[in-house]
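Breakdown of the fold
The lines below spell out each chain.
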Amino acid sequence: MPTIRALTFFIPVYDWFSNQFKKDVENFIFKSLELSDKLELFQWTTRFVLPPIPKNSQAKDCSKIVDSILSFNFKNNILLQAFPVTPDCKCIEDIVDILSLDDKIYSTILVSNEADIDGLVNKIYLRDVDPNIYTRISITYGNWVETAYFPSTANSRNKFGYSVALRYLDLMSRYLMGEKEPLVGFLKELKDKILNYEDYFYGVDYSLSPWMEESVGKLIEERYNITLGGSGTYDAVYKLNKEIHNIVSMNIVSSTGFNEVMLPVGEDNLLKERVKDKTLKLGHLEGLSSVCVVGLDMVAIKKDEFIINGVLHDMFSIYKIKGKPIGLRIIPIEEDGINLKKFGYLPLIDF
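What comes next is a walk through the structure. (Residues numbered from 1 in each chain as written. Predicted model: local features only at pLDDT ≥ 70, side-chain atom pairs only at ≥ 80, totals over all residues. Heavy atoms only, no water.)

Digging into the pattern of salt bridges
- Tallied over the entire structure, the rule returns 16 salt bridges.
- The closest approach of N and O atoms between D61 and K60, which form a salt bridge, is 3.7 Å.
- For D61, a relative accessible area of 16% gives the class buried.
- For K60, a relative accessible area of 61% translates into the label exposed.
- For K341, the salt bridge identified is with D130, shortest N-O distance 3.7 Å. Taken as a pair, K341 in the loop between β11 (337-340) and β12 (344-347) and D130 in the loop between α4 (120-125) and β5 (137-141) lie far apart in primary sequence, 211 residues in all.
- Judged by relative accessible area, which is 67%, K341 ranks as exposed.
- Assessed through its relative accessible area of 33%, D130 is described here as partly exposed.
- What you see here is one network of salt bridges that share partners, running through R5, E267, D297 and R329. (Salt bridge = Lys/Arg side-chain N within 4 Å of Asp/Glu carboxyl O. Buried < 20%, exposed > 50% of the residue type's maximum accessible area, 1.4 Å probe, protein only. Helix = DSSP H or I, 4+ residues; strand = E, 2+ residues; numbered from the N terminus.)

Set out below in structure tokens:
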């Protein structure tokens, strides 16, 4: 059954540090919730994305932002991408602590130059904090991306609008078998719902993403007759990515964001199994980022400065070769695996 995975609203900010900040954001959030009711998309989650925060923001400024936003008493299915930041932001060393304030808050760090990586390992990934925090922080390589997906998103235009992400693995499976009408029909229904609100619409991110038993990994293995990590893996993911691009090119509903295969290990039960049995290793997932948006996502990695630093540089090189933004989300741990609050058991990846 296809689902709107996320209805994501992009909230503009005109003055981060004035007394008007809270009122402005509150007005846009209420506007978003009213629009959500009118759209009647019955989304799985509702999300809000702020613009990149100013480079001169300090920890006290960020805490004030958090306090202002959380005063709205959001429901459980609402998430906040409140802190897209650059490595030269004054509060970069405090981002992990800020995320510990509430599990609804997310952040991404933009890495545009290789020198941006310097210091990030110690500032971000070697901290003695709850590993669950790392499920809510990513690195975005290249440029800011306006997408409904978290954490690698930012309201870079600083305008009000909304975007949609899908859970449509069942429709994609049928599409690959030649049954195209169910997916086309679903997109036409979505287009009808947004018709009167197109002025604010950023687009759909058609990225194919899993949720536990709704496994992208399983679809890839069964469709292309391979075992992930074995020979043919890159070709299979590349071919599935091309199918997504073909759907985007239909232009039934306009697109935004990444629009590629997503392989978050912590959100896909088959991927967890392949990591656990050491069929799928760190090098495989790094390399898969060359043929899909985030081959290295929701991965438990050894909490080791040398290893993490190497991964961050590897991913920058892949971004440069690919020529498109990619994301990275790793969870540094010292054990052989970890039980995450929202995602269950995640095994440590071998390398």
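Notes on the pairing of strand β4 (residues 105-111)
- Of all seven residues in β4, seven are buried; the element is thus mostly enclosed.
- Alternating residues of β4 divide into I105, S107, I109 and V111 and Y106, T108 and L110, and every residue in both groups is buried.
- Relative to β4, strand β3 (residues 78-85) runs parallel, the two sharing five bridges. Each bridged residue has a counterpart across the sheet, and for V85 the counterpart in β4 is I109.
- Taken together, the five bridges between β4 and β5 define a ladder with parallel strand orientation. Paired with T108 across the strands is S138, a residue of β5.
- Taken together, β4, α4 and β5 constitute a β-α-β crossover, and its handedness is right-handed. (Pairing = 2+ DSSP bridges. Right-handed = clockwise from strand over helix to strand, strands pointing away.)

Interpretation in functional terms is not warranted from these geometric data alone.
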